[in-house]
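Spelled out, the chains give:
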Amino acid sequence: MTAKHDQNKPRYDLLPPLAIDAMAQVMTFGAKKYAPNGWKTVPDAVQRYQAALLRHSFAMLRGEINDAESGLPHAAHAMCCAAFIAELTAPTS
């Protein structure tokens, strides 16, 4: 049997596919509305995405499922906001 040394590698197979698909739908909506990857160049991006994350979170707390403008789940919008914040604040090598 051949050894496969992958025990310390990220487990992408654990990502929830429906949630990732919903996130991709939000990203596609944003790319059409603004520009592909436009989120990378938003002024004061971290603060603005934190505010947007809170707006989507509070909408969910009020019982709203989908965003009125996009028709997509607030949870997926919140995932995108969190991903943008994580990406923009990640340490660079």
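Calculation rules
Residues numbered from 1 in each chain as written. Predicted model: local features only at pLDDT ≥ 70, side-chain atom pairs only at ≥ 80, totals over all residues. Heavy atoms only, no water. Helix = DSSP H or I, 4+ residues; strand = E, 2+ residues; numbered from the N terminus. Rg over C-alpha atoms; globule rule 2.2 N^0.38 Å. Buried < 20%, exposed > 50% of the residue type's maximum accessible area, 1.4 Å probe, protein only. Contact = heavy atoms within 4.5 Å. Areas by Shrake-Rupley, 256 points an atom, 1.4 Å probe, with all protein chains shown as cover. Lys, Arg positive; Asp, Glu negative; His and termini not counted. Charge placed at Lys NZ, Arg CZ, Asp CG, Glu CD.

1. Looking at the overall build of the protein
Each helix and strand counted, the protein has three helices and zero strands in total. Put simply, the protein runs from its N terminus to its C terminus through helices and strands in the order α-α-α. Here the protein has a C-alpha radius of gyration of 16 Å; the compact-globule value for 93 residues is 12 Å, and the former is much larger. In terms of its C-alpha atoms, the protein occupies a principal-axis envelope of roughly 55 × 30 × 25 Å. When each of the 93 residues of the protein is scored for burial, the buried share is 24%. Within the protein, contacts between residues at least 6 apart in sequence are counted, and of these 61% link residues at least 24 apart. With the model as given, the accessible surface of the protein reaches about 7,100 Å², and the carbon-plus-sulfur share is 60%. Of the charged side chains in the protein, 9 are positive and 8 negative, and the gap between their average positions amounts to 3 Å.

Shape is all these values report; function is a separate question.
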